[in-house]
Amino acid sequence: MAQVVWTLRGRINVVPQLADVAPLATVSTSFGNAAPLAGVKVQVSAKQFGADPTWDEWGETTTDADGNFEVRHTKNETKRLFRVRVQFKSDRLRIYPPNDSLLKKFVDVASLLVPGGVLTSLATAAAQEALEQLLEQSTRVLYDVKWITARQDSDGDKRSGPVVDFGNINFRAGGSQELGGFTERRHAEIWLVASRGMNLIEGLGDFGFRGDRSVAFLYPHENPVIGDGIESSYCNPHNDIVYLVRNSQIDHFNVDTILHELVHLWAYQHTSGEEKLATYLLVHGSTHTGRVARWVAWHEAFAEAVSNEITRQLFGTRSTVYGAFTAERRPLSRPYLNGLGIRTLADVDQFEFGWLSTFGLLLCPDVCSLDMTGSGPYATDTTPGVQPTGFTMCRAP
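Residues numbered from 1 in each chain as written. Predicted model: local features only at pLDDT ≥ 70, side-chain atom pairs only at ≥ 80, totals over all residues. Heavy atoms only, no water.

### A word on the sheet that holds strand E9 (residues 148–152)
Selection rule: Pairing between strands is defined by DSSP: at least two bridges between the two strands are required. Secondary structure is summarised from DSSP: a helix means a run of H or I of at least four residues, a strand means a run of E of at least two, and numbering begins at the N terminus for each. Axes, fitted as lines to C-alpha atoms, cover a helix only where it is in contact. Angles between the N-to-C directions of the axes lie from 0 to 180 degrees.
With antiparallel pairing, 4 strands are arranged side by side in an open sheet as E5-E4-E7-E9. Of all strands in the sheet, those bounded by a partner on one side alone are strand E5 (56–62) and E9. Direction aside, the axes of adjacent strands within the sheet are offset by 20 degrees on average. When strand E4 (residues 41–47) meets strand E7 (residues 81–87), the two strands line up antiparallel, connected through 7 bridges. When the bridges of E7 are listed, Lys 41 appears paired with Gln 87.

### Some details on the sheet that holds strand E13 (residues 241–245)
The strand order across the open sheet formed by 4 strands is E8-E11-E13-E12, and the pairing between neighbours is mixed. Each edge of the sheet is formed by a strand with only one pairing partner; in this case those strands are strand E8 (93–96) and strand E12 (234–236). If you compare each strand with its neighbour and ignore which way they point, the axes differ by 20 degrees on average. Note that E12 and E13 share 3 bridges and pair antiparallel. Within E13, the position partnered with Asn 236 by the bridge is Ile 241.

### Notes on the packing of helix H6 (residues 294–315) against helix H9 (residues 352–363)
Under the convention used in this document: The cut-offs work like this: below 35 degrees is roughly parallel, past 145 is roughly antiparallel, 65 to 115 is roughly perpendicular, and the gaps in between are oblique. Handedness of a helix crossing follows the sense of rotation of the near helix relative to the far helix, less than a right angle counterclockwise being left-handed and clockwise being right-handed. Contacts were defined at the residue level, with two residues in contact if any of their heavy atoms lie within 4.5 Å.
Remark: H6 packs on H9, axes separated minimally by 8 Å, with the N-to-C direction vectors making an angle of 45 degrees. Taken as axis vectors, H6 and H9 run oblique relative to one another. Judged by the twist between their axes, the crossing of H6 over H9 is right-handed. Across the interface between the two elements, Arg 294, Ala 297, Trp 298, Glu 300, Ala 301, Phe 302, Glu 304, Ala 305 and Glu 309 of H6 pack against Glu 352, Trp 355, Leu 356, Phe 359 and Leu 363 of H9.

### Here's the deal with H9
Side chains that are three or four residues apart share a direction in an α-helix, a result of its 3.6 residues per turn. The cut-off we apply is this: Expected helix span is computed as 1.5 Å times (number of residues minus one). A simple rule labels every residue: compare its accessible area, found with a 1.4 Å probe on the protein chains alone, to the largest value its type can have, and call it buried under 20%, exposed over 50%, or partly exposed in between.
The end-to-end C-alpha separation of H9 is 17 Å, in line with the 16 Å expected for 12 residues at 1.5 Å each. Three or more residues of H9 are buried, namely Glu 352, Phe 353, Gly 354, Leu 356, Ser 357, Phe 359 and Gly 360. Contact partners of the buried residues in H9: H6, helix H7 (334–339) and helix H8 (345–348).

### Observations concerning the nonpolar core
Condition: Only buried Ala, Val, Leu, Ile, Met, Phe, Trp, Tyr and Cys residues count toward a nonpolar core, and they belong to the same one when joined by side-chain atoms within 4.5 Å.
Ranked by size, the top nonpolar core spans 80 residues in total, and within it Leu 8, Ile 12, Leu 37, Phe 82, Phe 88, Phe 171 and Phe 217 carry the most contacts. Considering each element in turn, this core owes the most residues, 9 residues, to helix H4 (residues 255–269).

### Quick word on unusual backbone geometry
In this structure, Pro 162 follows Gly 161 across a cis peptide bond, with omega equal to 5 degrees. Tracing the backbone shows Pro 162 in the loop between E9 and strand E10 (163–171). Across the junction of Tyr 219 and Pro 220, the peptide omega takes the value -5 degrees, indicating a cis bond. With respect to the helices and strands, Pro 220 occurs in strand E11 (residues 215–221). Within the chain, Gln 177 stands out as a residue other than glycine whose phi angle is a positive 55 degrees. Tracing the backbone shows Gln 177 in the loop between E10 and helix H3 (182–202). Unusually for a residue other than glycine, Asp 240 sits at a positive phi of about 60 degrees. Topologically, Asp 240 is positioned in the loop between E12 and E13.

### Regarding the packing of aromatic side chains
Short version of the rule: We call Phe, Tyr and Trp rings a pair once their centres come within 6.5 Å, taking the six-membered ring for Trp, and we label the pair stacked below 30 degrees between planes, edge-to-face above 60, and tilted otherwise.
Scanning all chains against the criterion turns up 16 aromatic pairs. Between Trp 298 and Phe 302 the ring centres are 4.7 Å apart and the planes differ by 10 degrees, which places this aromatic pair in the stacked class. Of this pair, Trp 298 and Phe 302 both sit in helix H6, 4 residues apart, roughly one helical turn. Using a relative accessible area of 26% as the deciding quantity, one classes Trp 298 as partly exposed. On the numbers, 5.3 Å between centres and 85 degrees between planes, the contact of Phe 325 with Tyr 378 is edge-to-face.

Below you can see the structure in the form of C-alpha cells.
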C-alpha cells in the first residue's frame, strides 16, 4: 500500500475554573470560552486494531503560543485509531502530581516538628539548621510529570488520512478521557497562570528565570503530620518546587498563591543566603506573624507586591493583600502601621507590612497627594482620579 505523509493537528485549551483567569479565555468552543495552553508537550500515537494493547508512537511536539500542535508521520493509508496525550513539562516549567515516596521524606521531616518531636526540643536556630540540611537533600529524582490522555479513539472510530484534525481539545468539566479529571484540570490552569506570569517577568528585561533549572509546582500537596489548620504552601529553593497545599481546611488552588510562590522562586534564583525561608516556615509555623526576621519580611513583601502587580497586568484586575483588602499602589496609613506594631522607622524592615508599605510608596504615581493619617489601611488619596499614569516627583514650593 502506498505510503503517505499523515498530518495530525489540534489545539489544547483549558476552560478556566478560576474567575480571575477568565480574561485569558479567548478561544470560543462549544463548551464555553477557553484559554489556549502554550508550551505543553503533546504526543500522538496510533494503532489499527482496538484489541492491540500497544500504541505506535507517531511523534511528539510542543504547542505554540495559541495552543496549536501538529505532528507529521509517514505511513500507509490504512484507517487508524489515534491517541493524543498531553504532558505539563518543559525545560522551564513542570507540574507534578503527588509522589508517595518523596512525600514520605517530608512527612519524616515534619514529624520532628510536632509537639514532642526532636526538633521542638532544640533551640530555634538549631532546629532551622537541622531542617535546612534535610531540605538540601530533597531533589526531584522521585518526581515526574505524568502523561494525560486527552483523546483516545475506540473501535468504530477509525480515522482516515492523510489529514486528521482533532479540533479543540479542552480541559473542562465533564471532559472525555482525563480532560475532566479534578487534578488534571487544575494542573492545566496552574500551567496557564504560571507560564503567563513567567512570560511577563521575562519580558521585562535581563532578569528572567534561570535557564539552567526549571520551575515546578506540585499540587495537591498535603503533609498528614502537620495539622490542616497550620499547614501552608511554600517553595523549596533547593529543588525549585512550589508545594501548593490542599487539605480539609485550605485549598491554595488560586491565582494569588500561584503567583506569590512563583515570585518567591524568582527571588531565590537571584539572591543568595536566603534559602532558610522554607525552614523558617516549618519551625515557626508562619512567615506572616508580625515582627519577623528582616530577610523573611522582605521576601514575603516582595513576593506579595510583585505578584499583585502581575495580576493587575495579566488579568486587568486588582488582587487582595491576603484577602484582607484590595491591593493598591499606595503606602499604608500611619494608624494602620501603628496598629500592627510598626511605630518607628526602625520597625519598618522587621515587618512584612512595613516593606509592603515601602513598595506601595515606590509604585505610587503621585505621593504628593497622599494623606498618611487616614483611618483606612492605605494613605488617603486626596485627589482621586487625577493622578498621572506615570511616576512623578514632588516639586519644592
